[in-house]
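A closer look at the structure
What follows is each chain in one-letter form.
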Amino acid sequence: MAPVTADEVKALKNVAAKLRIHSVEATSKAKSGHPTSCSSMAELMSVLFFRTMRYNVHDPKNASNDRFILSKGHAAPILYAAWAEAGLFPTEDLMKLRTLESDLEGHPTPRLNFVDVATGSLGQGLSVACGMAYCGKYIDKASYRTYCLMGDGESMEGNVWEALNFAGFYKLDNLVAIIDVNRLGQSDPTPLQHDMNTYKARLESFGFHAIVVDGHDVEEVAKAFDEAAETKDKPTCILAKTFKGHDYPDIENEMNWHGKPLGEKTSIVLEHLKASLIADLPNPAIPAPVVDAPEVDITNIKLSEPPSYTKGQKLATREAYGTALVKIGINNSHVIGLDGDMKNSTFSEKLRNLKPEQHIECFICEQNLAGVGIGIGCRDRCVAFVSTFACFFTRAFDNFRMGVISQTNLNVVGSHCGVSIGEDGPSQMGLEDLAMFRSLPGATVFYPSDAVATERSVELAANTKGITFIRVARPVTDVIYDNDEVFEIGKA
């Protein structure tokens, strides 16, 4: 991009002031929210939404738009303010924040057309962003880029470091992670506070191009995003040194202001913010997307050929899963298998061996495995099947819980279930999986008893909205159904 000009700097500063004002006013009216968490990231949001990201504001779900995930979902008011200032909806609607009649909830959900995934359970956004970026680079082969803004407190989550490992390994140079290092958590300062050198060393050790910036200097921030766009063969992390409650007199960088409106200080803060505002200065023009994302049809997924087994034949249902995954993968190039280093046990390797471009190895990182699956499925780009031992999905349960709120389409396959793998011991037994997935609103659970039922379960799951779970076993079992048996969801 062209170097940032003095006029751009002035306009971007002005947008940041507007975003702070909206965040204070909306949370004050709602009598709840996180205005100080919004304030630390105002310049980041200004530069992202009004200089860096390429998107059609009137078509937020456009396949060619750049993607943005606010992983620190409690800062939702400033996300809403950015879209309002961009022109998607009237700024007056921001005053409906956290009211029953409004979809502007305390944390963002896809009830809003500009939100791809729900956030608020911290640490999950980057995994989803990795899935989006992987899809963009390796599956869609399109120009759109993915941005994920995280808090420094949530960056302690193990889920984040699983995602960082994935992004570095796959050289996702179309991914930009942003950490808002505002130093203060909810009840204590964060472990590293403003030790930016340690942050930088950690990110670089995971294969990232790490850039430390003053997060309140729009020129520095703009240059960092430009540098990220020019960086090849590695993802970028912008480490923004910021201050919680920045530009709020007597509140900036002070503890005990997390998650509460400004109360009696509201009028003083608003007066201060509005004094810096240039009222008649227009917002910068939003860059248009490069319209090159391919058209994708992931409806009516079918097996390439029907099951072909003999009654009484002995075959493990996990192996039949691998066969079925190949059959639907042959018929649609946007059927993607993902695994957690168990592909030779779940038999998802059958797809990898035949169609390596349709399989993603996520290694022993089950939370990230779930998040990447959610990410590649966003905006109906792929049909994702994620598999590993059923017992190991317990650690990814929160990702699935948030996936329900995200209106996610994700197919989960758990192998080696139940006590039938007794010789391996209880640590390998999937005993909680049925209860876990049945507790997810709208989830569909399949427990096929033979190879024929397994293949048809895979076919049905591929066409079922929401989260599905297919439970398969390690031991060989008899084929009991005819190959032409018709199966329906909800009927044994």
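A brief look at the structure comes next. (Residues numbered from 1 in each chain as written. Predicted model: local features only at pLDDT ≥ 70, side-chain atom pairs only at ≥ 80, totals over all residues. Heavy atoms only, no water.)

Here we come to the overall build of the chain. Of the regular secondary structure elements, the chain holds 16 helices and 13 strands. Computed over its C-alpha atoms, the radius of gyration of the chain comes to 24 Å, within 12% of the 23 Å expected for a compact globule of 492 residues. Projected onto its principal axes, the C-alpha coordinates of the chain cover approximately 80 × 45 × 40 Å. Accessible surface computed for the chain: about 19000 Å², of which carbon and sulfur atoms make up 50%. (Helix = DSSP H or I, 4+ residues; strand = E, 2+ residues; numbered from the N terminus. Rg over C-alpha atoms; globule rule 2.2 N^0.38 Å. Areas by Shrake-Rupley, 256 points an atom, 1.4 Å probe, with all protein chains shown as cover.)

It is worth spelling out the pattern of salt bridges at this point. Tallied over the entire structure, the rule returns 28 salt bridges. For Glu 361, the salt bridge goes to Lys 343, with nearest N and O atoms at 2.7 Å. Taken together, the residues Glu 361 in strand β8 (residues 359–361) and Lys 343 in helix α11 (residues 343–346) connect sequence positions 18 residues apart. Like Lys 343, Glu 361 is buried. Each of Glu 8, Arg 51 and Asp 226 takes part in a single network of salt bridges with overlapping partners. (Salt bridge = Lys/Arg side-chain N within 4 Å of Asp/Glu carboxyl O. Buried < 20%, exposed > 50% of the residue type's maximum accessible area, 1.4 Å probe, protein only.)

Pairing is parallel in the open sheet, where six strands are placed in the order β8-β7-β9-β10-β12-β11. Single-partner strands in this sheet number two, and they are β8 and β11 (444–446). Here the strands of the sheet are splayed against their neighbours by 20 degrees on average, with no regard to which way each runs. Across five bridges, the pairing between strand β10 (residues 410–415) and strand β12 (residues 467–471) is parallel. By the bridge assignment for β12, Gly 414 is matched with Arg 471. (Pairing = 2+ DSSP bridges. Axes fitted to C-alpha atoms, helices over the stretch in contact; angles between N-to-C directions.)

Attention shifts here to the side chain of Ser 71. Its location among the elements puts Ser 71 in the loop between β1 (67–70) and α4 (76–86). Of note is the side chain of Ser 71, whose polar atom sits 3.1 Å from the backbone nitrogen of Gly 125. Setting aside chain neighbours within four positions, we find Ser 71 in contact with Thr 119, Gly 120, Leu 122, Gly 123, Gln 124, Gly 125, Leu 126, Cys 148, Leu 149, Met 150 and Glu 154. (Polar contact = N/O pair within 3.5 Å; in protein donor to acceptor, adjacent residues only side chain to side chain. Contact = heavy atoms within 4.5 Å.)

Here a ring pair, both rings aromatic, is described through the centre-centre distance and the interplanar angle of the planes. If you walk through the whole model with that rule in mind, you get 22 aromatic pairs. Between Phe 400 and Phe 437, the aromatic rings sit 5.2 Å apart at their centres with planes inclined by 45 degrees, giving tilted as the arrangement. Here Phe 437 lies in helix α15 (residues 433–438) and Phe 400 lies in helix α14 (residues 397–405), a separation of 37 residues in the sequence. Since its relative accessible area comes to 0%, Phe 400 is described here as buried. Taken together through their ring pairs, the aromatic side chains of Phe 49, Tyr 55, Phe 68, Tyr 80, Trp 83, Phe 89 and Phe 114 make up a single cluster. For the cation-ring pair, Arg 67 lies above Tyr 144, with the distance from its terminal atom to the ring centre recorded as 3.7 Å. (Phe/Tyr/Trp six-rings, centres within 6.5 Å; stacked < 30°, edge-to-face > 60°. Lys NZ or Arg CZ within 6 Å of the ring centre and 35° of its normal.)

Here Met 41 shows up in the loop between α2 (35–39) and α3 (42–52). A residue is classified by how much of its surface remains accessible, and Met 41, at 0% relative accessible area, is buried. Between the C-alpha atoms of Met 41 and His 216, which are 175 residues apart in sequence, the distance is 7.9 Å. Those residues in contact with Met 41 that lie beyond four places of it in its chain are Leu 70, Lys 72, Ala 75, Ile 78, Leu 149 and Asp 180.

Residues Leu 126, Leu 338 and Phe 400 are the most contacted members of the largest nonpolar core, which totals 62 residues. Tallying contributions element by element places helix α5 (residues 125–139) first for this core, with nine residues. Sequence-distant contacts of Leu 126, defined by excluding residues within four places in its chain, comprise Ser 71, Cys 148, Met 150, Val 160, Ala 163, Leu 164, Leu 175 and Ala 177. Val 15, Tyr 55, Ala 86 and Phe 225 belong to the second-largest nonpolar core, a separate cluster that totals 52 residues. (Core = buried A, V, L, I, M, F, W, Y, C linked by side-chain atoms within 4.5 Å.)

Another aspect to go through is α4. Residues spaced three or four apart along an α-helix point in a common direction, a consequence of the helix completing one turn every 3.6 residues. Burial analysis of α4 places 11 of its 11 residues in the buried class, the great majority of the element. Considering only its buried residues, α4 is in contact with α1 (6–30), α2, α3 and β1. Gly 87 sits one or two residues past α4 and shows a positive phi near 110 degrees.

As a further point, take the pairing of β10. With six of six residues buried, β10 lies mostly within the body of the structure. Judged by which residues are buried, β10 turns out to be covered on both faces: Leu 410, Val 412 and Gly 414 on one side and Asn 411, Val 413 and Ser 415 on the other are all buried. Of the pairings in the sheet, the one linking strand β9 (residues 383–389) to β10 comprises five bridges and is parallel in character. Across the sheet, the residue bridging to Thr 388 is Gly 414, located in β10. Crossover β9 to β10 through α14 is right-handed. (Right-handed = clockwise from strand over helix to strand, strands pointing away.)

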